[in-house]
Each structure stands twice: as C-alpha cells, then as structure tokens.
Amino acid sequence: EDEPLDHLATLQAFEELTQRINTTLAATATSSSSPQQHHSYSVDEVAYGFIKIANEAMARPIRNLTTMKGYDATQHTLACFGGAGPQHCCALA
C-alpha cells in the first residue's frame, strides 16, 4: 500500500499483455473472411488505452450529474485531487 511502483514488474506485465493483444489481433485478422491490415500495438499504446478507459469511466458520472440534468459543464470548474487526479483532469475537462 505504501510502497513505490515496481517499474520493472509493471513494464514486464504490460509487455506480456501487449504480446497477448497483438497475437489475438493477428489471429483474428487471419481468420476473418475479409483481409484486413493488422496493426501491432506498442506497450505505450496499450498503457495509454488503459488511461483512456479510466478517463471515460470518470467522465461518465460527471456527465450524468451535469449535462444530463441540464447544466452547462463549460460554466463550471473541475477540481482535481488525489494521487492521479492531475493526470486525468485535463482529459476530463
């Protein structure tokens, strides 16, 4: 809980996940009836995909509490806090 991130273990896990994703995509592309160009993802692209999913998961409740109730979110200030708050705040705004 109160320990630093193990950079090597994290990188290794993302490398393994990236390999699995690319292998699955390649197998899917070769088994489909229409030939499609297969894009191989990099470790950075896979990691960024996680950030995009997290941002969308945070943006959805904000939309539910503002826009869907008739409020104009552009007229309000978004306050960020917490360990990763600043990392996501600009993308959410």
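Our subject in this report is the structure included herewith. Because the structure is a prediction, the values reported are computed rather than measured.

One way to put it is that helix α1 (residues 7-31) packs onto helix α2 (residues 43-65) with a least axis distance of 9 Å and a crossing angle of 95 degrees. When the axis of α1 is compared with that of α2, the two are roughly perpendicular. Contacts between α1 and α2 pair Leu11, Phe14, Glu15, Leu17, Thr18 and Ile21 from the former with Val43, Val46, Ala47 and Phe50 from the latter. Among the residues forming the contact of α1 with α2, the class breakdown is 8 nonpolar, 1 polar and 1 charged.

For helix α3 (residues 85-92), the full list of buried residues reads Gly85, His88 and Cys89. Along α3, the residues classed as buried sweep out an arc of 115 degrees about the axis, all on the same side. In α3, those exposed residues whose orientation departs by more than 90 degrees from the buried face are Pro86, Cys90 and Ala91. Summarising the contacts, the buried residues of α3 are in contact with α2.

Turning next to the packing of aromatic side chains. Both the distance between ring centres and the angle between the ring planes are used here to describe each pair of aromatic rings. Enumeration over the complete set of coordinates arrives at 1 aromatic pair. Taking the centre distance of 5.4 Å and the plane angle of 85 degrees together, the rings of Phe14 and Phe50 count as edge-to-face. Here Phe50 lies in helix α2 and Phe14 lies in helix α1, a separation of 36 residues in the sequence. According to the relative accessible area criterion, Phe50 is partly exposed, its value standing at 46%.

Moving on: the pattern of salt bridges. Within the structure shown, the criterion is met by 2 salt bridges. As a salt-bridge pair, Glu56 and Arg60 come within 3.5 Å of each other at their nearest N and O atoms. Of this pair, Glu56 and Arg60 both sit in helix α2, 4 residues apart, roughly one helical turn. The class of Glu56 is partly exposed, set by a relative accessible area of 32%.

To continue, consider the environment of His38. Here His38 shows up in the loop between α1 and α2. Residue His38 is classed as partly exposed on the basis of its relative accessible area of 27%. Setting aside anything within four residues of it in sequence, one finds His38 in contact with Asn22, Leu25, Ala26 and Ala29.

Calculation criteria
Residues numbered from 1 in each chain as written. Predicted model: local features only at pLDDT ≥ 70, side-chain atom pairs only at ≥ 80, totals over all residues. Heavy atoms only, no water. Axes fitted to C-alpha atoms, helices over the stretch in contact; angles between N-to-C directions. Helix = DSSP H or I, 4+ residues; strand = E, 2+ residues; numbered from the N terminus. Parallel < 35°, antiparallel > 145°, perpendicular 65-115°, else oblique. Contact = heavy atoms within 4.5 Å. Nonpolar A, V, L, I, M, F, W, Y, C, P; charged D, E, K, R; others polar. Buried < 20%, exposed > 50% of the residue type's maximum accessible area, 1.4 Å probe, protein only. Arc of directions from axis to C-beta. Phe/Tyr/Trp six-rings, centres within 6.5 Å; stacked < 30°, edge-to-face > 60°. Salt bridge = Lys/Arg side-chain N within 4 Å of Asp/Glu carboxyl O.

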